[in-house]
Amino acid sequence: MSSARPRAAAGAQASVGAGDKPFLLSLFPLGTVLFPEGLLALKVFEARYLDLISTCLREQIPFGVVSLREGSEVGKKSDAASLESVGTLAHVIDVDSDQPGILHVRCRGGRRFTLDDPRQAASGLWQGQATVLPEPTLEAPLPELKGSVTALSTAIANLTATLADKGGAPFIEPYRFDDAGWVADRWCELLPISLAARQKLLELDDPELRLKLVDDFLRQRKVID
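About the thresholds
- Throughout this description, residue numbers start from 1 for each chain and increase along the sequence as written.
- In view of the model being predicted, local features appear only for residues whose pLDDT reaches at least 70, and side-chain atom pairs are presented and counted only at 80 or more, with totals across whole chains, interfaces and linings using the full set of residues.
- Working from all heavy atoms in the structure, the side-chain values ignore hydrogens and water.
- In this description a helix means any DSSP run of H or I spanning at least four residues, a strand means any run of E spanning at least two, and both kinds are numbered starting from the N terminus.
- Per-residue accessibility, obtained with a 1.4 Å probe over protein chains only, is compared with the maximum for each type, and a residue is labelled buried under 20%, exposed over 50%, and partly exposed between these values.
- Here a residue-residue contact requires only that any non-hydrogen atoms of the pair lie within 4.5 Å.
- Calculation of accessible area relied on Shrake-Rupley with a 1.4 Å probe; when residues are assessed, cover is drawn exclusively from the protein chains displayed.
- Between any two strands, at least two bridges found by DSSP are needed for them to pair.
- For Phe, Tyr and Trp, rings pair up if their centres lie within 6.5 Å, where Trp contributes its six-membered ring, and each pair is then called stacked (planes under 30 degrees apart), edge-to-face (over 60) or tilted (otherwise).
- Every axis in this analysis is a line fitted to C-alpha atoms, fitted for helices over the stretch in contact. Angles between the N-to-C directions lie between 0 and 180 degrees.
- In these notes the angle categories are as follows: under 35 degrees is roughly parallel, over 145 is roughly antiparallel, 65 to 115 is roughly perpendicular, and the rest is oblique.
- Here a crossing is taken to be left-handed if its near helix is turned anticlockwise relative to the far helix by less than a right angle, and right-handed if that turn runs clockwise.
- Gly counts as polar in this scheme, as do all residues outside two lists: the nonpolar Ala, Val, Leu, Ile, Met, Phe, Trp, Tyr, Cys and Pro, and the charged Asp, Glu, Lys and Arg.
- A pairing counts as a salt bridge when a side-chain nitrogen of Lys or Arg comes within 4 Å of a carboxyl oxygen of Asp or Glu.

1. Brief notes about the overall build of the protein chain
Then step 1. A tally of regular secondary structure across the protein chain gives six helices and eight strands.
Then step 2. Overall, the protein chain shows an N-to-C arrangement of helices and strands of β-α-β-β-α-β-β-β-β-β-α-α-α-α.
Then step 3. Each of the 225 residues in the protein chain was classed as buried or not, and the buried ones make up 47%.
Then step 4. In the protein chain, once contacts between residues fewer than 6 apart in sequence are set aside, the share between residues at least 24 apart is 70%.
Then step 5. Roughly 11400 Å² of accessible area belongs to the protein chain as shown, and the carbon and sulfur atoms make up 54% of that amount.

Written out as structure tokens, the structure reads:
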């Protein structure tokens, strides 16, 4: 098994979207939503995505993860595919290969971006004009939302115990329970909600509102009192 590790992702993030100007971004459309600071595991075997990961490692740049509104994430030419207009930069953490032609890639979610004019190249790789959205301000959870924070801490402890034998972790550390946006995003990854609902939550700019919606859901499901 081989492993390739890029330099710190922060440096890669600084190299794209300078000044929040539109730039050409290579995309990986998926039937999921990647949130900032989220952990994404990919099994890559299509030539277009093998080339994409190689480029990201070589040039120390992220790619864009965007959710599919319609269509499939596989197949060389997906003319019927429709992509969402907001996605998340994905920074490669590490790459493993235990057999020829297949990569197991772990990525960290970076900043969100808006997407314009997505198109497929002859290779089938999607690209589009991306504009990186402003970094959200760090806001502490409101006192009335502390139940969601405590419940997340408990959920992480339980997940960590479950994954201990496998050497895995449910989320990327450090855990930021003092950040309403971080808490909301982790719940968005855990909750049994639709892809459309996850996408709408990703698009919300207000971290406190996002956590409030999550808190309401948890109370409706009796997860917290």
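2. Section: the pairing of strand S7 (residues 102-120)
Then step 1. In this structure, strand S3 (residues 39-44) lies alongside S7, joined through six bridges in antiparallel fashion. Looking across to S7, one finds that Leu40 is bridged to Cys107.
Then step 2. For strand S6 (residues 86-99) and S7, the ladder comprises 10 bridges, and the chain directions are antiparallel. Its bridge partner being in S7, Val92 is matched across the sheet by Cys107.
Then step 3. Taken together, S6 and the strand that follows it, S7, pair antiparallel across an intervening segment of two residues, in which Gly101 is found at a positive phi of about 80°.
Then step 4. Where S7 and strand S8 (residues 126-132) come together, six bridges link them in antiparallel fashion. Along S8, the bridge assignment pairs Leu115 with Ala130.
Then step 5. Counted along the chain from S7 to the antiparallel partner S8, the turn is five residues long, and its residue Gly124 has a positive phi close to 95°.

3. Topic: the packing of aromatic side chains
Then step 1. Throughout the structure, instances matching the rule amount to five aromatic pairs.
Then step 2. The interplanar angle of 70° and the centroid separation of 6.3 Å between the aromatic rings of Tyr175 and Phe177 together place this pair among those described as edge-to-face.

4. Comments concerning the environment of Leu42
Then step 1. When you line up the elements, Leu42 lands in strand S3.
Then step 2. For Leu42, a relative accessible area of 9% corresponds to the buried category.
Then step 3. Sequence-distant contacts of Leu42, defined by excluding residues within four places in its chain, comprise Phe28, Leu30, Phe63, Leu103, His104, Val105 and Cys107.

5. A word on the packing of helix H4 (residues 180-190) against helix H6 (residues 207-220)
Then step 1. Here H4 crosses H6 at 45°, and the two axes come no closer than 8 Å. As far as their axial angle goes, H6 and H4 are oblique. By crossing handedness, the relation of H4 to H6 is classed as left-handed. Side by side, H4 and H6 meet where Ala180, Gly181, Val183, Ala184, Asp185, Trp187 and Cys188 of the first sit next to Pro207, Glu208, Arg210, Leu211, Val214 and Leu218 of the second.
Then step 2. By residue class, the composition of the contact of H4 with H6 is nine nonpolar, one polar and three charged.

6. Quick notes on the pattern of salt bridges
Then step 1. For the coordinates displayed, the defined rule picks out 12 salt bridges.
Then step 2. Between Arg108 and Glu37 there is a salt bridge, with the nearest N and O atoms lying 3.3 Å from each other. Here Arg108 is found in strand S7, whereas its partner Glu37 is found in the loop between strand S2 (23-30) and S3, with 71 residues between them in sequence.
Then step 3. The closest approach of N and O atoms between Arg176 and Asp179, which form a salt bridge, is 3.3 Å.
Then step 4. Here Asp179 falls in the buried class, since its relative accessible area comes to 8%.

7. A short note on the packing of helix H3 (residues 146-163) against H4
Then step 1. H4 packs onto H3 with a crossing angle of 55° between their chain directions and a minimal axis gap of 10 Å. Comparing the axis directions of H3 and H4 gives the class oblique. Considering only the axes of H3 and H4, their crossing is left-handed. Across the interface between the two elements, Ser148, Val149, Ala151, Leu152, Ala155, Ile156 and Leu159 from H3 touch Trp182, Val183, Arg186, Trp187 and Leu190 from H4.
Then step 2. Classifying every residue of the contact of H3 with H4 by side-chain character gives 10 nonpolar, one polar and one charged.

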